[in-house]
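Secondary and tertiary structure notes
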Amino acid sequence: MSRLVFVLNGPNLNLLGKRQPHIYGHETLADVEAQCRELAEELNLKIRFHQSNREYELIDWIHEAREIAGGIVMNPAAFTHTSVAILDALNTFDHPVIEVHISNVHKREEFRHHSFVSSRADGVIAGFGTQGYLLGLRRLAKLIDEKKA
Ligand code: DQA
């Protein structure tokens, strides 16, 4: 299986570090990307790291991943709670998907408790801060290694 992994980020995550830091922390998305790249090297993974505020762009990246990637780590942000289109796109992807949320969505407003993406995800990480992305990458590396064995 391909050791290329897509790390996809949904709307408003470009403002990470500035946006509600009491909820999402002070690290920027560039910090998260740097940490993901460092860990990917250790895990012998290649990563494509993307963020968009546009639903269609996230869907296009999932379609691209479908052709070339062995896994997806995705924080769909608010689209988690609204997007059947992202769920449908992920259902066309044949390899592991890890859903990540920086905050513990279950401790927050009720509308954040439902995720369309969770019915497809192989694992869900919420409330671990930006460390969730790294845990997601570690899990994907393990799943890819197991498939190879
Ligand atoms: C989020 C949680 C979502 O409810 C919210 O809309 C986000 C970020 C998180 O990472 O905690 O934008 O996915």
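Residues numbered from 1 in each chain as written. Predicted model: local features only at pLDDT ≥ 70, side-chain atom pairs only at ≥ 80, totals over all residues. Heavy atoms only, no water.

1. A closer look at the sheet that holds strand E2 (residues 46-51)
Backbone hydrogen bonds hold the strands of a sheet together, and the pairing may be parallel or antiparallel. Spatially, E2-E1-E3-E4-E5 is the arrangement adopted by the five strands of the open sheet, whose pairing is parallel. Since the sheet does not close on itself, it has two edges, and those belong to E2 and strand E5 (123-126), each with one partner. Direction aside, neighbouring strands of the sheet carry axes that sit 15° apart on average. Set on the sheet, helix H2 (residues 29-43) makes contact with strand E1 (4-9) and E2; between it and E2 the angle comes to about 165°. Across the sheet, helix H5 (residues 131-148) is in contact with E1, E2, strand E3 (71-75), strand E4 (97-101) and E5; its angle to E3 comes to roughly 160°. (Pairing = 2+ DSSP bridges. Helix = DSSP H or I, 4+ residues; strand = E, 2+ residues; numbered from the N terminus. Axes fitted to C-alpha atoms, helices over the stretch in contact; angles between N-to-C directions. Contact = heavy atoms within 4.5 Å.)

2. Comments concerning the nonpolar core
If you look at the biggest cluster of nonpolar residues, it comprises 26 residues, and the most contacted ones within it are Val5, Val7, Cys36, Leu45, Val73, Tyr133 and Leu137. Secondary structure elements with two or more residues in this core: E1, H2, E2, E4 and H5. Grouped together as the second largest cluster of nonpolar side chains are 18 residues, Leu8, Ala69, Ile72 and Val117 included. (Core = buried A, V, L, I, M, F, W, Y, C linked by side-chain atoms within 4.5 Å. Buried < 20%, exposed > 50% of the residue type's maximum accessible area, 1.4 Å probe, protein only.)

3. Let's talk about the site of the ligand
Inspection of the region around the ligand gives Arg19, Tyr24, Asn75, Ala77, Ala78, His81, His101, Ile102, Ser103, Val105 and Arg112 as its neighbouring residues. One nitrogen or oxygen atom from the side chain of His81 is found 2.7 Å from an oxygen atom belonging to the ligand. A distance of 2.8 Å separates an oxygen atom of the ligand from a polar backbone atom of Ile102. Here the ligand loses 99% of its free accessible area of 320 Å² to cover by the protein chains. For the shell around the ligand, the per-class residue count stands at five nonpolar, four polar and two charged. (Near = heavy atom within 4 Å. Polar contact = N/O pair within 3.5 Å; in protein donor to acceptor, adjacent residues only side chain to side chain. Areas by Shrake-Rupley, 256 points an atom, 1.4 Å probe, with all protein chains shown as cover. Nonpolar A, V, L, I, M, F, W, Y, C, P; charged D, E, K, R; others polar.)

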